[in-house]
2 protein chains.
Amino acid sequence: MSTPRRAVCLVSGGMDSAVTLAEARALGFEAYALSARYGQRHEYELAAAARVAEAGGAKDHRIVTVDLGVLGGSALTDDIEVPKDRSHDEMGSDVPVTYVPARNTVFLAVALGWAEVLDATDLFLGVNAVDYSGYPDCRPQFLAAFEALASVATAAGAERGARFTVHAPLMKLSKAGIVQRAAALNVDLSLTLTCYDPVPEGERVISCGRCDACQLRLAGFAEAGTTDPIPYVS
Amino acid sequence: MSTPRRAVCLVSGGMDSAVTLAEARALGFEAYALSARYGQRHEYELAAAARVAEAGGAKDHRIVTVDLGVLGGSALTDDIEVPKDRSHDEMGSDVPVTYVPARNTVFLAVALGWAEVLDATDLFLGVNAVDYSGYPDCRPQFLAAFEALASVATAAGAERGARFTVHAPLMKLSKAGIVQRAAALNVDLSLTLTCYDPVPEGERVISCGRCDACQLRLAGFAEAGTTDPIPYVS
């Protein structure tokens, strides 16, 4: 039996990254899950990432601190209010205030560092069509530019001609499509957390249901005709 | 009087970044100094970075934690021994063990995040000809690939067509040339620290004089015909 190829998979703890990890495994990769502590408002996201990595069969899971909050500039890391109850038009009209500057660039750069250590040339990132309406670093041309960078930035590329691939298996899926893909791959979405502004309640964490991320998630389940297994503020 | 253009300048506390900061200021930029706490063995480097940023007239200085040490893979962050007394041929023969995977990619990505917050499109990095013999992420093609990435990764690039420039003013200079440039720009090199393995002695920090970085630095001063103002283990 040949050694399975390794891949570094960015896992945020959200639904998209859980499905992305499952796609990496379904392609036969040995998956190394990577999460970032980047100054987000809550640590619940990292707890969800650990659950998702374990349930998803990751070989290893590391959390790297990258405190982008020091640089300011986003509602996810600053004291700017997380927007609630926005319409879909409002969400898609421009770069959202929840945009963290250069976040995917930073996360992919860290993933590239781990890939070098692991001798891997495949990276997985759970960006998708709904996200890239407003976030510049969720677009296919961004991923292509990162692949080009990786091939000149690394010892593997510079010395051995290795070429890197940034896989974004959800790129063309709607949220409903992601929910359906999760079912097909037996991904337990009850372990995931999407909300920008969750509320602790005993040992559980309750999602707000009103931020952009919750609204997109709930719309995805509704469109897929299934029920979201996580609890929401009623 | 017009508003000065802003630039983010990576400042490690070494000689090269001190001169790079001075070059940015000499070009008329308002400089924002950025340092990374990346799991390096010692914090003396960050203390030097703060001195260099202040003496160099940086408008602001931020230290971002990016604990690449979690990922392993380098003598600068691992327990691998820092090599000493290597010949110049040994240093240049391949990627050094002091190479931190994807370090410059990660640092530039974080700098790009700050640049977005500051509405800046210029980044300064103190890489030079001596370094890029062994480090893939110190070569001109790496910087060009990062510029291309930055222009698609950011809101400024995606929405307003901004193009980013990664300035590497030392790229073609030898260490002796950097020492001479420091003198021309009145950079106080006594504030800088280059050593991979320095020793504390009271309130001072003494450089080992034997690691690759110390050897290259000392050779630069010798070739420039001047004396290094920092203390070395005798």
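Check the entry above for the structure.
In this text, all values refer to a predicted model and were calculated from it rather than measured experimentally. (Residues numbered from 1 in each chain as written. Chains lettered and ligands numbered in written order. Predicted model: local features only at pLDDT ≥ 70, side-chain atom pairs only at ≥ 80, totals over all residues.)

Caption draft 1: Geometry of the sheet that holds strand β1 (residues 6–10) of chain A. All names here are of chain A. Taken in spatial order, the 5 strands make up an open sheet running β3-β2-β1-β4-β5, and their pairing is parallel. Here the strands that pair on one side only, and so sit at the sheet edges, are β3 (60–65) and β5 (165–167). Looking at each pair of strands side by side, their axes are set apart by 25° on average, direction ignored. Bridge count between β1 and strand β4 (residues 122–124): 3 bridges; the pairing is parallel. Bridge pairing in β4 places Val 8 opposite Leu 123. (Pairing = 2+ DSSP bridges. Helix = DSSP H or I, 4+ residues; strand = E, 2+ residues; numbered from the N terminus. Axes fitted to C-alpha atoms, helices over the stretch in contact; angles between N-to-C directions.)

Caption draft 2: Focus on the environment of Ala 22 of chain A. All names here are of chain A. Within the secondary structure, Ala 22 is located in helix α1 (residues 15–26). Classification of Ala 22 by C-beta neighbours within 10 Å gives buried; the count is 24. Taking C-alpha positions, Ala 22 is 9.9 Å from Cys 9, a pair spaced 13 residues apart along the chain. Discounting residues that sit within four places of it in the chain, Ala 22 has contacts with Gly 56, Leu 185 and Val 187. (Buried ≥ 20, exposed ≤ 12 C-beta atoms within 10 Å, placed from the backbone. Contact = placed C-beta atoms within 7 Å.)

Caption draft 3: Here's a closer look at the sheet that holds strand β4 (residues 122–124) of chain B. All names here are of chain B. Read from one edge of the open sheet, 5 strands run β3-β2-β1-β4-β5, paired in parallel fashion. One side of each edge strand has no neighbouring strand; the edge strands of this open sheet are β3 (60–65) and β5 (165–167). Taking each pair of neighbouring strands and ignoring which way they run, the sheet shows an average axis angle of 25°. In terms of strand pairing, strand β1 (residues 6–10) meets strand β2 (residues 30–37) through 5 bridges, oriented parallel. Residue pairing in the sheet places Val 8 in a bridge with Tyr 32 of β2. Against the sheet, helix α1 (residues 15–26) makes contact with β1, β2 and β4, and its axis sits at roughly 170° relative to β1, the strand it touches most.

Caption draft 4: Region of the structure containing the interface of chain B and chain A. Each side of the interface is counted separately: chain B has 38 residues, and chain A has 38 residues. Only β3, α4 (103–118), α5 (140–153) and α6 (155–160) of chain B provide two or more residues apiece to the side of chain B that touches chain A. Ranked by residues supplied to the side of chain B that touches chain A, first place goes to α4 of chain B with 9 residues. Considering only residue class, the side of chain B that touches chain A consists of 25 nonpolar, 8 polar and 5 charged. (Nonpolar A, V, L, I, M, F, W, Y, C, P; charged D, E, K, R; others polar.)

Caption draft 5: Here's a closer look at the packing of helix α5 (residues 140–153) of chain A against α5 of chain B. The interhelical angle for the contact between α5 of chain A and α5 of chain B, taken along N-to-C directions, is 165°, at an axis separation of 9 Å. As far as their axial angle goes, α5 of chain B and α5 of chain A are roughly antiparallel. Taken as a pair, α5 of chain A and α5 of chain B cross one another with a handedness that is left-handed. Note on element contacts: α5 of chain B touches α5 of chain A through Gln 141, Phe 142, Ala 145, Phe 146, Ala 148, Leu 149, Val 152 and Ala 153 of chain B, opposite Gln 141, Phe 142, Ala 145, Phe 146, Ala 148, Leu 149, Val 152 and Ala 153 of chain A. Considering only residue class, the contact of α5 of chain A with α5 of chain B consists of 14 nonpolar, 2 polar and no charged. (Parallel < 35°, antiparallel > 145°, perpendicular 65-115°, else oblique. Left-handed = near helix turned anticlockwise from the far one by under 90°.)

Caption draft 6: Up close: the relation of the copies chain B and chain A. When chain B is brought onto chain A, the operation consists of a screw motion whose angular component is 180° and whose axial shift is 0.0 Å, with 0.0 Å RMSD remaining. Here the copies are linked by what is in effect a two-fold axis. Among all residues of chain B, the minimum C-alpha distance to the rotation axis is found for Val 66 of chain B, at 2.2 Å. Mapped onto chain A, 100% of the interface residues of chain B again fall at the interface, so both copies present the same surface. (Least-squares fit on C-alpha atoms with pLDDT ≥ 70 in both.)

Caption draft 7: Broad picture of the environment of Asp 212 of chain A. With respect to the element layout, Asp 212 of chain A can be found in helix α8 (residues 212–224). As for Asp 212 of chain A and Thr 194 of chain A, which are separated by 18 residues in sequence, their C-alpha atoms are 9.8 Å apart.

Caption draft 8: Highlighting α1 of chain A. All names here are of chain A. Relative to the 16 Å expected for 12 residues at 1.5 Å per residue, α1 spans 17 Å between its end C-alpha atoms, a close match to the ideal helical length. By the burial criterion, the buried members of α1 are Met 15, Asp 16, Ser 17, Ala 18, Val 19, Thr 20, Leu 21, Ala 22, Glu 23, Ala 24 and Arg 25. Residues of α1 that are buried make contact with β1, β2 (30–37), α2 (44–55), β4, α7 (175–184) and α8. At the C-terminal side of α1, Gly 28 shows a positive phi close to 95°. (Expected span 1.5 Å × (residues − 1).)

Everything listed here is a matter of geometry and, on its own, says nothing about what the molecule does.
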